[in-house]
Protein chains: 2
Amino acid sequence: MSPKKAGPGLPAAVTSRDVARSAGVSQSAVSRAFARVPGVSEATRQRIFRIAEELDYQPNALASGLITRKSGMVGIVLSQLNNPFLSQATEVLLKELRRKHLQVLVFSAAGDSDLGEAAVEFGRYRVDGCFVLSPHLPRKVARLYARLGPTVILFNRSVPGMKASAVSVDNVAAGAEVADFLIVRGHKRFGYLHGLAGATTDRDRFKGFRSRLVQAGMAPPVEGSGGYDYDEAAVASGAMLQDGGRPTAIFCGSDSMAMATMDVARFKLGIKVPEDLAVVGFDDAPTAAWPSYDLTTIRQPIAEMVEAGIELLLDPKRTADGPSRNIVFEAKLIVRGSA
Amino acid sequence: MSPKKAGPGLPAAVTSRDVARSAGVSQSAVSRAFARVPGVSEATRQRIFRIAEELDYQPNALASGLITRKSGMVGIVLSQLNNPFLSQATEVLLKELRRKHLQVLVFSAAGDSDLGEAAVEFGRYRVDGCFVLSPHLPRKVARLYARLGPTVILFNRSVPGMKASAVSVDNVAAGAEVADFLIVRGHKRFGYLHGLAGATTDRDRFKGFRSRLVQAGMAPPVEGSGGYDYDEAAVASGAMLQDGGRPTAIFCGSDSMAMATMDVARFKLGIKVPEDLAVVGFDDAPTAAWPSYDLTTIRQPIAEMVEAGIELLLDPKRTADGPSRNIVFEAKLIVRGSA
DNA sequence: TTCCAATTCGCATACGTATGCGCTACCAAC
DNA sequence: GTTGGTAGCGCATACGTATGCGAATTGGAA
């Protein structure tokens, strides 16, 4: 009754050979039946499936991955799950990859060295491709991916000159759009709350925002740095608002930082939003729509971006040599009550 | 120069044999060097590492998993990433598993059938264990895991009589604690906003809440159902508050539902919180501490729960036969301004 | 009936690593 | 010098599936 030699504590796995023996066919027949390739008659295929079901047989993905050189897994490098944009993108990504019958190997990276470690691990597991969802990706690490790992899709971050495709939004245009919007509303003094210093997304948004302001004859915005973190942003915007000649409009690099700014203004400094201060965020997190904040913000087309990213990853035309592609989407200003 | 026969588009992977040849040793030596088992001298180990580094060699995890019958991966089944408790738990879990050098295969499950599919996929990839983070897990699916998959750790959900260990909090006690807290504050009419109907966590919280109220001579709470969703909860609590003899205190199954209740009360019905209505949530999401809500809520000891879960998963004593264990933690009431 | 093509199937081998076993040096103790 | 022990190493095989190739079977056309 006991198959072969049940190792200590190891569940005696049922193999394709076991199924073959029970069904009176060869192991290759079982393999072909499950791989859905021609070479087995419909009748025997059915019989094999029936027996397999009875025996609780499941093809060993490690073994098949070894021989086909495709693991059936894609990697996702994640930095902050609390970031609502990344969290939403992750959720959509997981859902879409599942529809394509791809498993997902997730690597949570806290620092830069973790990002590199992810490349190594993905290499070891022979993932069929990977997504990098991180606001920060040093060139050095990007090179590591190019050397070790499989094809990489950068999400919301492009590294020019790197052999890695990317999907992102036009952050410069988005920043400029916010500037236009606030200028039209009659604002004169502006503030910008940075996210992570060094991230291209942040730089681009700021560049678009600032240059449009200057172009319209305004003074460049006061700057603060919130690190995409509520508490840090609260401190930064508090400082910004306690200065003399404080800004009447603040553009924040993320919704959570925008909400921190609103909370500080309202509850700590007694500044009315939107009457005395306009606040604009970025990401359109679910909370942004809640009436307590009712936040004007920038929405990125997450679903489309994910779809494009997956297509880039699976596109057979680019596996060999094709140059890396960078797909840019338009972000959209969602006007609500905070500005 | 080109190794063997570079398949079409397939990166010609460097194998341990290639390293062995370059280093002038046998393949087994390379294997032993990387597995850090005795059988190679320190000198040759160093040489092997040097050569491996030069060749960009990375041991194939699929191959080694095939032979050792351990994939080095654990599975995580995720239902809602937008649920702050699950999202926080996921983040901690990812971080801890990484410290243990375990890779993580994530499966996002929308419905019950997805939960079952996750079991199948985890089986195919021979994960070394898996976590189920879902408020809902039907008995039938739990049985599927027991049959196909590896050892399972349920997170925040216990299935009595199932061969699956679990970590959770004492939801009955938590519900009772909230009841006590509100009774002491002088409330007489209560409401309870359910999360997902059928989830044991929800049932237990309600049971503890209700029985303590009744025990204190109060009328049982008015009930509503919000499905752990902000919008749905807003509708439900709106209905609850527009009734005559509306409750003066509402206990909600999650923070997001509690915030929906506060927003509806304040912005739609003009009811003052906490003056005219006390609101208590569950989870202690990061947003709960923000001054706009300043929500009184229940905090679950996420870090400890994750740690215990991992320990359960890796505990060698229980792999073979040991009965499933259920570790229960105490939840803690965090008193803030909303009640 | 004969012959050819198509279909179905099994044999054998390969994927890349882990590991038991045997062999060789070498050293210490007698 | 002989013996016993140990460390270092290679040989060979196993893990479970995929797949090229030839053999066997079948059906139909000639």
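Since the model is a prediction, treat every value here as computed from it, not as a measurement.

## Some words on the overall build of chain A
A count of helices and strands for chain A gives 12 helices and 12 strands. The C-alpha radius of gyration computed for chain A amounts to 26 Å, which surpasses the reference 20 Å derived for 339 residues by more than 25%, pointing to a less compact arrangement than a globule. For chain A, the spread of C-alpha atoms along the principal axes amounts to about 85 × 40 × 35 Å. For chain A, with 339 residues in total, the buried portion stands at 50%. For chain A, long-range pairs separated by at least 24 residues make up 69% of all intrachain contacts whose partners lie at least 6 apart in sequence.

## Concerning the relation of the copies chain A and chain B
Rotating chain A by 180 degrees and translating it 0.0 Å along the rotation axis places it on chain B, where the RMSD comes to 0.1 Å. Here the two chains are linked by the operation of a two-fold rotation axis. An overlap of 100% is found between the interface residues of chain A and their copies at the interface of chain B, pointing to a shared contact surface.

## Focus on the sheet that holds strand E8 (residues 249-252) of chain B
Residues and elements named next belong to chain B. In spatial order, the strands read E7-E6-E8-E9; together these four strands make up an open sheet with parallel pairing. The sheet terminates laterally at strand E7 (222-225) and strand E9 (278-280), the two strands that pair on one side only. Adjacent strand axes in the sheet meet at a mean angle of 20 degrees, parallel and antiparallel pairs treated alike. Relative to E8, strand E6 (residues 190-194) is paired through four bridges, and the arrangement is parallel. What sits directly across from Tyr192, in E8, is Phe251.

## Some details on the protein's contact with DNA strand D
Among the 28 residues in the neighbourhood of DNA strand D, the closest are listed as Ser16, Ser28, Ser31 and Ser64 of chain A together with Ser26 of chain B. Those elements giving two or more residues to the surface near DNA strand D turn out to be helix H1 (16-23), helix H2 (27-35) and helix H4 (61-68) of chain A together with helix H2 (27-35) and helix H4 (61-68) of chain B. By residue class, the composition of the surface near DNA strand D is 13 nonpolar, 13 polar and two charged.

## Topic: the interface of chain A and chain B
In this complex, chain A contributes 46 residues to the contact, which on the side of chain B involves 46 residues. For the side of chain A that touches chain B, the secondary structure elements donating two or more residues are H4, helix H5 (84-99), strand E2 (103-108), helix H6 (112-124), helix H7 (139-148) and helix H11 (255-268) of chain A. In terms of residue count, H5 of chain A provides more of the side of chain A that touches chain B than any other element does, six residues in total. Looking at side-chain class alone, the side of chain A that touches chain B contains 22 nonpolar, 14 polar and 10 charged residues. Where E2 of chain A and strand E2 (residues 103-108) of chain B come together, three bridges link them in antiparallel fashion.

## Digging into the packing of helix H1 (residues 16-23) of chain B against H2 of chain B
Residues and elements named next belong to chain B. Two elements in contact, H1 and H2, have axes separated by 8 Å at closest approach and are oriented at 110 degrees. Taken together, the axes of H1 and H2 are roughly perpendicular relative to one another. Listed contacts from H2 to Ser16, Arg17, Val19 and Ala20 of H1 are Gln27, Ala29, Val30 and Ser31. Partitioning the contact of H1 with H2 into residue classes produces four nonpolar, three polar and one charged.

## Describing the sheet that holds strand E7 (residues 222-225) of chain A
Residues and elements named next belong to chain A. Sheet architecture is open: four strands sit in the order E7-E6-E8-E9, paired in parallel fashion. A single partner strand is all that each edge strand has here, and the edge strands are E7 and strand E9 (278-280). Between one strand axis and the next, the sheet turns by 20 degrees as a mean value, whatever way the strands run. Here strand E6 (residues 190-194) pairs with E7 via four bridges, running parallel. Looking at E7, one finds that Leu193 is bridged to Gly224. Strands in contact with helix H10 (residues 230-242) are E6, E7 and strand E8 (249-252); relative to E7, the strand with the most contacts, it is inclined by about 155 degrees.

## Digging into the pairing of E2 of chain A
Residue and element names in this part refer to chain A. Of all six residues in E2, six are buried, a share of seventy percent or more. With burial as the criterion, each face of E2 is covered, one bearing Gln103, Leu105 and Phe107 and the other bearing Val104, Val106 and Ser108. Pairing geometry for strand E1 (residues 73-78) and E2, over six bridges, is parallel. Looking at the pairing, Leu78 lines up with Ser108 of E2.

## Some remarks on the protein's contact with DNA strand C
Looking at DNA strand C, there are 28 residues lining it, with Ser26 of chain A together with Ser16, Ser28, Ser31 and Ser64 of chain B nearest. Elements with a contribution of two residues or more to the surface near DNA strand C: H2 and H4 of chain A together with H1, H2 and H4 of chain B. When residues of the surface near DNA strand C are assigned to their parent elements, the largest contribution, six residues, is made by H2 of chain B. Of the residues in the surface near DNA strand C, the class split is 13 nonpolar, 13 polar and two charged.

About the thresholds
- Residues numbered from 1 in each chain as written.
- Chains lettered and ligands numbered in written order.
- Predicted model: local features only at pLDDT ≥ 70, side-chain atom pairs only at ≥ 80, totals over all residues.
- Helix = DSSP H or I, 4+ residues; strand = E, 2+ residues; numbered from the N terminus.
- Rg over C-alpha atoms; globule rule 2.2 N^0.38 Å.
- Buried ≥ 20, exposed ≤ 12 C-beta atoms within 10 Å, placed from the backbone.
- Contact = placed C-beta atoms within 7 Å.
- Least-squares fit on C-alpha atoms with pLDDT ≥ 70 in both.
- Pairing = 2+ DSSP bridges.
- Axes fitted to C-alpha atoms, helices over the stretch in contact; angles between N-to-C directions.
- Near = placed C-beta within 6 Å.
- Nonpolar A, V, L, I, M, F, W, Y, C, P; charged D, E, K, R; others polar.
- Parallel < 35°, antiparallel > 145°, perpendicular 65-115°, else oblique.

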